[in-house]
Amino acid sequence: MAGALVKLGVKHQKQAQEESFRAWAAADPSRAVYTTALDKIAESVEGRIPSAHASQYMAETLMRGVELVTAASLSSSVQTGRDTISDAYIRRIITNSQKNFYKDYEPELDRKVAKVMLPLLRENIPAESLPSFYGVIDNDFNGDVDAYVDYLFENSLFTSHESFSAALEARDFDRITSDPAVDFRESVQEAYQAATKELGRWNELYREGHRLYVAGLLEMEPEKLHYPDANFTIRLTYGTVKPYKPRDAVWYDYWTTLTGVMEKEDPTNPEFVVPEKLKELYYTQDYGPYGKDGQMPVCFLFDGDITGGNSGSPVLNSRGELIGLAFDGNWEAMSGDITFEPELQRCINVDIRYVLFIIDKYANAGYLLDELTIVE
């Protein structure tokens, strides 16, 4: 992605666009509302760095890194309404906690991970952004992270399903909610929420500036076709099946065949293992009606503009017939979320003939094709 952005000169294109926008906004008093758009964006991008940095580090090191944080969240099930908690509810918590968490939990491994993650967080975010448990480490454990972690894991009932279940069955709700791991988790949550709240303030400023910028661009370039904000909606892209030339003296054809699958075979890599039956079909050229000129088509390219989340989308020809399924993009398309270059970026699609071939000849499930209308 970085290479494509450099090669296509995206940074310079965006800078030139911003300079033109500033000049256009300043040229007419009626456009004064747009003059602050880019300043708001720049201020928010710079201002959000500390809170974005802190929230991301906390999420990676503690909230997703130390599983005891997740285990301690089970305490929320008995935080309120203790007098009305039924035996059936307790049994359900016990069963679900085993099924959803404890069946895969390794407390000793988690302890080792915690001893690495806690110092890592402290080294990488400002002291004022740290969770309050670091004060406990300094005051009660003389700054010894390992001693604090050992204390947590040796005194928390959340490190095993047995101890957690025993406390629930005994209805020792005070013991559950006052567990040291609960204090640990609440400290993490409090610091994380403070960082995300601050981040949200900067994000709102960004959205304000971005709305102005987009509105101004639409007014500045009324004849230009602009991308709609169609995220999370069904959308249609169109294009032409074609090859491409990514760099000097390099050219890629618009289709691939089963020969390429055989050439890429690597028994040591799960993604490139070729089943024996597929090899047999290849060597005997038993392609049924799906082959073409002695070859079995596998994939093809077209210059449609797609992005993450489009994998599996149907590819239709001009008559509305299914000819393939989109599933990837070429390396040069990795910058497509930011800019689209029709000469370089391609959508990679599995040929529907290969899908039918696999269903029929490889999987021996040709009866499924009886439900389809197949146009040759």
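Residues numbered from 1 in each chain as written. Predicted model: local features only at pLDDT ≥ 70, side-chain atom pairs only at ≥ 80, totals over all residues. Heavy atoms only, no water.

*Asks:* Honestly, the sheet that holds strand β4 (residues 297-302) in this entry has me stumped. Any pointers?
*Replies:* Within a sheet, adjacent strands bond to each other through the backbone by hydrogen bonds, running parallel or antiparallel. Taken together, 5 strands build an open sheet; the order of strands is β3-β4-β7-β6-β5 and the sheet is antiparallel. Looking at strand neighbours, the two that pair on one side only are β3 (255-257) and β5 (314-316), the edges of this open sheet. The average undirected angle you get between the axes of adjacent strands in this sheet is 35 degrees. Here 4 bridges tie β4 to strand β7 (residues 347-351), and the two strands are oriented antiparallel to one another. The partner of F302 across the bridge, within β7, is C347. This element, helix α15 (residues 352-362), spans β4, β6 (322-329) and β7 of the sheet and lies at about 40 degrees to β7. (Pairing = 2+ DSSP bridges. Helix = DSSP H or I, 4+ residues; strand = E, 2+ residues; numbered from the N terminus. Axes fitted to C-alpha atoms, helices over the stretch in contact; angles between N-to-C directions. Contact = heavy atoms within 4.5 Å.)

*Asks:* Sorry if this is basic, but what is going on with the pattern of salt bridges here?
*Replies:* Note that side chains of opposite charge can pair when their charged atoms are close. Evaluation of the coordinates by the stated rule reveals 20 salt bridges. Two residues, R201 and E198, come together in a salt bridge whose shortest N-O distance is 2.9 Å. One end of the pair, R201, and the other, E198, are both in helix α12 (residues 180-220), 3 residues apart, so they sit about a helical turn from each other. Take E198: its relative accessible area is 31%, and that puts it in the partly exposed class. One salt bridge in this structure joins R319 and E321, with 3.3 Å as the shortest N-O distance. Overall, R319 belongs to the exposed group, its relative accessible area being 62%. Residues joined in a network through salt bridges with shared partners are E108, R111, K115, D150 and E154. (Salt bridge = Lys/Arg side-chain N within 4 Å of Asp/Glu carboxyl O. Buried < 20%, exposed > 50% of the residue type's maximum accessible area, 1.4 Å probe, protein only.)

*Asks:* Can you help me understand the environment of Y34 in this one?
*Replies:* Structurally, the position occupied by Y34 is in the loop between α2 (10-26) and α3 (37-47). Exposure remark for Y34: the relative accessible area of 11% places this residue in the buried category. Considering only alpha carbons, one finds Y34 and L212, 178 residues apart in sequence, at a separation of 5.9 Å. Apart from the residues within four sequence positions on either side, Y34 is in contact with F21, W24, A25, L212, A215, G216 and E219. Polar contacts involving the side chain of Y34 include one to the side chain of E219, which spans 2.9 Å. (Polar contact = N/O pair within 3.5 Å; in protein donor to acceptor, adjacent residues only side chain to side chain.)

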